[in-house]
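The chain contents come next:
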Amino acid sequence: MHSFGEFRLDAANQCLWRGDQRLSLAPRPFAVLRYLVENPQRLVTHDEMLDALWPETYVLPQVLRTYVLELRKLLEDDAACPRFIETVPKRGYRFLAPAAVGAGTDIRQHVIAGRAPELALLCDRFAAAQRSERPTLLLTGEPGIGKTTLLDAFCDCIRHKNAAVRIGRGQSIEGFAGKEKFYPVREALNSLSAGDEKVRSLLATAAPAWFAPGPAPDPSVGQICEALEELSRTNTLLLVFEDIHWADDSTLDLIAALARRRAPAHLMLLVSFRSDYLEAGHALRLLQQGLATGRREELHLGPLDREAVAEYLRCELRAGSIPAALTSLVHQHSSGNPLYMAAIVDYLLSRHIVKSDHGKVSVSQPIESIEIGVPPGLATIIRLRLDGLNEDDRRLLEAGSISGAIFPAWACAAALRRKLVDVEDAYASLARRGRLLAVAGHDELPDGTRSSFYVFAHDLYQKAIYGEIPVPRRSQWHMRVADRLREMFAGNEASVAHEIAAHTRAGKADTA
Ligand SMILES: Nc1ncnc2c1ncn2[C@@H]1O[C@H](COP(=O)(O)OP(=O)(O)O)[C@@H](O)[C@H]1O
Ligand SMILES: [Mg+2]
């Protein structure tokens, strides 16, 4: 499932959703939309699309135009100022909506159970933003507790209700790209400006280094704040920064400044971080103290209660009622942590221990005798999720994990000494089959090859998988990736010096 704007493209059922409304679409325009969505932010020529979609049939290029017209109508997209499909005159089309990392992949498309009070609170603070009250919220909670899921649901909900809202969302990532200066800010600004000329031209003035051609110094925190306030003058602006426990200092400075500034603005600032990162001396603590003086509020996400677990089971199993003992089993073994809960339910279904047939749930053995592993914990959950993978898939996941929660396929090909095309196919198949991986985007390498990026369903999976690789192999892989980087960027190593150093360090640390 891919999300863009308020829409979701459901490839399995060949349809399009707007919120919970199913929109009908004939197979050919659907295929065009799907191709564009899966190849975002680059020119797709008429020929490419026709070759890819109907290799055996002769289709007139003009026919594509009628499909695109139909799609624009359905998406309420304006050809003159497109949000989604841009026409590149005489050549083809470009899909503009960003392929936000992880967002909108199969991984995210699950029911959200419980959390009604939290969603209501967020919607209430959004209303305050519309009144220029400038609310700031800190969303905290342990890993897997559902911060990202809640943010996804909230963004979908306000987008659905307020066509004019602008949402900028950036995420900090642990790993080699993690500490790049302003990384989440640039991601948020990119998502804001995709398909919005007004935003793009404003940002080109405020942050020429990022949005205008030619060299320019990085914008200052003050300049970014002013540009964002200017943007919020006409449309309410929601800024979401996720997982700021991994953010670089410049991003933290910007967040603190945005939270402290007093000028009225239709601006809501929502930042999330893991509560287990609040050790003394951490930059985040400083940020929190800085924020304490402003109008900020903390929303702490706790475990799901038994009723929410039952709700989740009813939705996942499409059943009107669930045996009480099954709800108790899932609730107790997951301790109300939704990541654990979802993994347990997947396991029970994949092993046919639990079945759902026309809304009737059956359990193949006495519930007391189901062994999930006690105590519930990360190791148990990972074992449940990896159970059933073959050696090859496991090796692919391990090779991915050495680059971090988001990884490029080329690095894995280098680590495993396999051909990039084969590795790409294998990851694409893994992403289709399971809930462990999803496509996060594409990259063009210096030699012109395209390589996909993948993201682990949760960074906890990446950590656990990485931790299980035998040290000598891990170290060899890091060294191979460093070598490949040097080779690919020969003559321009400086641009990837940071990654080369990090892989070399990790490789050496392992052998030390
Ligand atoms: N309220 C919920 N209802 C159902 N499933 C949930 C809910 N919250 C989270 N999940 C599931 O748990 C997984 C982990 O949640 P996520 O939002 O990624 O956690 P966090 O961002 O706090 O680490 C998600 O992939 C989703 O499958
Ligand atoms: Mg998250």
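Residues numbered from 1 in each chain as written. Chains lettered and ligands numbered in written order. Predicted model: local features only at pLDDT ≥ 70, side-chain atom pairs only at ≥ 80, totals over all residues.

Before going further, it helps to examine the overall build of the protein. Broken down by element type, the protein carries 21 helices and 17 strands. Radius of gyration (C-alpha) of the protein: 23 Å, near the 24 Å computed for a compact globule of 512 residues. Viewed in the frame of its principal axes, the protein has a C-alpha envelope of about 65 × 60 × 60 Å. Intrachain contacts of the protein at a sequence separation of at least 6 include 66% that bridge at least 24 residues. (Helix = DSSP H or I, 4+ residues; strand = E, 2+ residues; numbered from the N terminus. Rg over C-alpha atoms; globule rule 2.2 N^0.38 Å. Contact = placed C-beta atoms within 7 Å.)

The next thing to look at is the site of ligand 1. Looking at ligand 1, there are 21 residues lining it, with Gly146, Lys147, Thr148, Thr149 and Pro338 nearest. Contributing elements (two or more residues each) for the shell around ligand 1: α5 (147–161) and α14 (338–350). Of the residues belonging to the shell around ligand 1, the class tally is 11 nonpolar, eight polar and two charged. (Near = placed C-beta within 6 Å. Nonpolar A, V, L, I, M, F, W, Y, C, P; charged D, E, K, R; others polar.)

What follows is about the sheet that holds strand β17 (residues 450–456). Strand order in this open sheet of three strands is β15-β17-β16, and the pairing throughout is antiparallel. Only two strands of the sheet have a single neighbouring strand rather than two, namely β15 (406–408) and β16 (437–444). Looking at each pair of strands side by side, their axes are set apart by 25 degrees on average, direction ignored. As paired elements, β15 and β17 share three bridges and run antiparallel to each other. Along β17, the bridge assignment pairs Ile406 with Val455. Along the sheet, helix α17 (residues 409–416) contacts β15 and β17; its crossing angle with β15, the most-contacted strand, is approximately 65 degrees. (Pairing = 2+ DSSP bridges. Axes fitted to C-alpha atoms, helices over the stretch in contact; angles between N-to-C directions.)

Leu238, Leu239, Ile255, Leu270, Cys412, Leu437 and Tyr454 are the most contacted members of the largest nonpolar core, which has 85 residues in total. For this core, the element with the most residues is α17, which contributes seven residues. The residue makeup of this core includes at least three contributed by each of domain 2 (115–300) and domain 4 (392–511). Every residue in contact with Tyr454, bar those within four places of it in the chain, is listed here: Gly400, Phe407, Ala409, Tyr427, Ala431, Leu437, Ala438, Val439 and Ala440. (Core = buried A, V, L, I, M, F, W, Y, C linked by C-beta atoms within 7 Å. Buried ≥ 20, exposed ≤ 12 C-beta atoms within 10 Å, placed from the backbone. Domains from an automatic or database assignment.)

Before going further, it helps to examine the packing of helix α1 (residues 27–38) against helix α3 (residues 61–75). Two elements in contact, α1 and α3, have axes whose closest approach is 9 Å; the angle formed by their N-to-C orientations is 80 degrees. One element, α1, and the other, α3, form an angle in the roughly perpendicular class. Contacts between α1 and α3 involve Arg28, Pro29, Val32 and Leu33 from the first element and Leu64, Tyr67, Val68, Glu70 and Leu71 from the second. Here the residues of the contact of α1 with α3 sort into seven nonpolar, no polar and two charged. (Parallel < 35°, antiparallel > 145°, perpendicular 65-115°, else oblique.)

Think of interface size as the accessible area that goes away when the parts come together; that is how it is often given. Split into domains, the protein comes out as domain 1 (2–95), domain 2 (115–300), domain 3 (306–384) and domain 4 (392–511). Here domain 1 and domain 4 have C-alpha centroids that lie 31 Å from each other.

The subject of this paragraph is helix α12 (residues 306–316). Inspection of α12 places Ala308, Val309, Ala310, Glu311, Tyr312 and Leu313 among the buried residues, and these make up the whole buried set. Residues of α12 that are buried in the fold lie against α13 (324–334) and α14. With its phi angle positive at about 45 degrees, Arg318 sits one or two positions after the end of α12.

A separate point is the sheet that holds strand β8 (residues 136–141). Strand pairing in a sheet relies on backbone hydrogen bonds, with the paired strands running either antiparallel or parallel. The five strands lie next to each other as β9-β10-β11-β8-β12, forming an open sheet whose pairing is parallel. The open sheet terminates on both sides in strands that have one partner only, identified here as β9 (166–171) and β12 (296–300). Direction aside, neighbouring strands of the sheet carry axes that sit 15 degrees apart on average. Inspection of the sheet shows β8 paired to β12 by five bridges, in the parallel sense. Across the sheet, residue Leu139 finds its bridge partner in β12, namely Leu299. Taken strand by strand, helix α6 (residues 183–193) contacts β9 and β10 (237–242), and its axis lies near 150 degrees from that of β9. Relative to strand β11 (residues 267–274), helix α10 (residues 249–260) is tilted by about 135 degrees, and along the sheet it contacts β8, β10, β11 and β12.

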